[in-house]
Amino acid sequence: MMPIPLWGRLILAGACLLAAPALADTPAPDTSLTKVAAREDLELAISAVEAAIPNIYWHQSRRAWAAAKAKARAGVARVSDSEGLWRVMRPLLGQIGEGHLSVQLSDAMSQGYRGAPRFPLDLLWTERGAFVLAGHGAAADIPKGTRLISVDGVRDADLLREMVAVTPHDGVIRTATMRTVSGRGFSSILYRLRGAQSHFHVVLEGAGGRIERDFPAVSPLARPPEAADPAPLPTLEWLDDHTVYLNVPTFSNARLRKVGTTFPDAIQRIFAEIERRGARDLILDLRENGGGSEPNESILFSYLVEKPLHKYAAVEARARRIVVTSLSGKRFETEVFDDDDKDPQRQIQGGRWTRLNTPPNGLMSRWTAFAPIFHGRLVVLAGGETFSGGAELASMLRHTERAVFVGEEVGGAYEGNTSGYRWNLELPNSGMKIAIPLLQFRMKWAGRRSHGRGVLPDCPAPPEAMQANERRDHAWRVAVALLRQDWQTPRRALCPQTD
């Protein structure tokens, strides 16, 4: 939902993607750091986020931030390489609770990770625990759906807390981390947290009872190639003469341009068909929608709600230019707004800048009319991957009480996010890059629901291991069953029981 797309927010992206392993005779890259160099990078990161993030205390208290900084400064004294610095800095940034604040590994760190053996199980993480999706190497015989109890004596709940601490997330939402560490994500982040391990002592619980095994680590080649990103086009499927299923996997203009279309064109064609064929019920799937480009979330909303919505209380930046200086005296700076930014801004108290409520975007859901408007019943599938602009759309639909929500807690905060333009700051000694979001998008209704949480489902239906990667899963069946009931407003819908 941003002026520029923010794909790559997950720390699994970019430099840390698993690739072909390094050759055995290739020397390990040097990522060593002196204590002085490590401290300079840490202090620069602290200075930059404090100077650039519009409200660093949106999801944390001043006391919590001071305590996190003190802990990181104590920890950096023991750092001797970039990996150690990451283990100190990433939890510090996670304390801020901004899901668009990410860290990209240096080239040297990525090279070292590519061929490193990892934990041998792919997992699905949910609020009910972690479940095996697939095993590799000596773990290939572990049945799908087996529950993980512990790894090296650390229970699943404690492992998840470790994962949340070092992955980007909004507020106190855990579902975004659950989707990040599902599949092979857990093995990747566990390696970054612990470094190389030859074996793992794993306790599981299956249909036949308790399983306790020592598994050797596996090469990245033991896992099949990663699946491609889902196709970006919104797709429509007719379930019967009056019910349609609409999957909208992205709001990214860049991804849609690659397939030769734009979001406004693609979504207009879909709603024209919905109108022409007389649909009365709509299932909108946002489970893969991690956002993309402003104002596509508002465009889709405007086909579902006729009255324009004043959605933002404010869109603000700390300043037009952000400047910080490292301990060695080097100056780092960035301009917040692009030269071709079409949204008028004005300066307010404290040197901050705020967006005026004028076209093209302003603070509204729309300035021009869209047609045709769908007035029928709406069920929304959403979850941990529903983020950024996807989460904003969920927030708008929840605020207007337009839909029944099915799935799990939305991965982006109900009250808005800090995103938009970003500062890709390269730390001078480790080479890691911090992507710092520069605009605070605060929803008009911020603070009226649980602070730091995402839209909660009316009918909980989290992912299940035995149905992983199936679109017609338990949540989908709940959505279909809901539309078989006789209700006209979301408040009157009753969550159905399904197999």
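Cut-off values and rules
Each chain has its residues counted from 1, following the order in which its sequence is written. The model is predicted, so local features are restricted to residues of pLDDT at least 70 and side-chain atom pairs to those at 80 or more, both for listing and for counting; the totals for chains, interfaces and linings are taken over all residues. Calculated side-chain values reflect all of the structure's heavy atoms, with hydrogen atoms and water omitted. To qualify as a helix, a DSSP run of H or I must reach at least 4 residues; to qualify as a strand, a run of E must reach at least 2; elements of each kind are numbered from the N terminus. As used in this structure description, the phrase polar contact means that two N or O atoms lie within 3.5 Å; if the pair is within protein, one of them must be able to donate a hydrogen and the other to accept it, and residues adjacent in sequence are counted only when both atoms belong to side chains. Pairs of cysteine sulfur atoms within 2.5 Å are what we label disulfides. For every residue, the accessible area (1.4 Å probe, protein chains only) is compared with the maximum for its type, and the residue is labelled buried under 20%, exposed over 50%, or partly exposed between those bounds. Here, the term nonpolar core denotes a set of buried Ala, Val, Leu, Ile, Met, Phe, Trp, Tyr and Cys residues that are joined through side-chain atoms within 4.5 Å. Boundaries between domains were set according to an automatic or database domain assignment. Between two residues, a contact is recorded if the distance between any of their heavy atoms is within 4.5 Å. The reported arc concerns the directions from the helix axis to the C-beta atoms and nothing else. Centre distance within 6.5 Å is the pairing criterion for rings of Phe, Tyr and Trp, where only the six-membered ring of Trp is used; planes under 30 degrees apart are then read as stacked, over 60 as edge-to-face, and the remainder as tilted.

Labelled according to an unreviewed UniProt entry, the chain appears under the name Tail specific protease domain-containing protein, originating from Sphingomonas psychrotolerans.

1. A word on the environment of D240
Position of D240 among the secondary structure elements: in the loop between β8 (235-238) and β9 (243-247). Between the C-alpha atoms of D240 and D281, which are 41 residues apart in sequence, the distance is 9.8 Å. Separated by 2.9 Å, the side chain of D240 and the backbone nitrogen of H242 make a polar contact. From its side chain, D240 meets the backbone nitrogen of T243 in a polar contact 2.8 Å long.

2. A look at the state of the cysteines
Considering all chains together, one arrives at 1 disulfide under this definition. Disulfide partner of C459: C495, at an S-S distance of 2.1 Å. Between C459 and C495 the sulfur-sulfur dihedral comes to about -95 degrees; the bridge is accordingly left-handed. In this pair, C459 is assigned in strand β20 (residues 459-460) and C495 in the segment after α12 (474-482), connecting sequence segments 36 residues apart. When its relative accessible area of 3% is taken as the criterion, C459 is described as buried. Relative accessible area serves as the criterion here: at 39%, C495 is assigned to the partly exposed category.

3. A look at the nonpolar core
By size, the foremost hydrophobic cluster in this structure holds 116 residues, and its most contacted members are W125, F271, L284, L300, L304, L397 and W423. When residues of this core are assigned to domains, at least three fall in each of domain 1 (118-218) and domain 2 (235-321 + 334-421 + 436-492). Among residues more than four places away in sequence, those in contact with W423 are A48, A52, I322, V324, F332, E333, T334, I434, A435, I436 and L438. Among the nonpolar cores identified, the runner-up in size contains 17 residues, and A461, W476, W487 and A493 belong to it.

4. Side note on the environment of P437
The topology assignment puts P437 in strand β19 (residues 433-443). For P437, a relative accessible area of 1% translates into the label buried. Here the alpha-carbon distance between P437 and R355, two residues 82 residues apart in the chain, equals 16 Å. Setting aside residues up to four positions removed in sequence, P437 forms contacts with A52, I53, P54, H100, L101, T418, S419, Y421 and R422.

5. Some points on helix α5 (residues 156-165)
Burial in α5 covers these residues: D156, L159, L160, M163 and V164. The buried side chains of α5 occupy one side of the element, clustering within an arc of 140 degrees when seen end-on. On its buried face, α5 sits against β2 (121-126), β3 (129-135), β4 (147-151), β5 (154-155), α6 (175-181) and α7 (185-194).

6. Regarding the packing of aromatic side chains
Any two aromatic rings considered together are summarised by their centre-to-centre distance and by the angle between their planes. Under the criterion given, the structure shown has 9 aromatic pairs. Note on F119 and F186: the rings are 5.3 Å apart at their centroids and 80 degrees apart in plane angle, and the pair reads as edge-to-face. Pair noted here: F119 is in the loop between α4 (107-114) and β2 and F186 is in helix α7, with a separation of 67 residues, a long-range link. A single burial state applies to F119 and to F186, both of which are buried.

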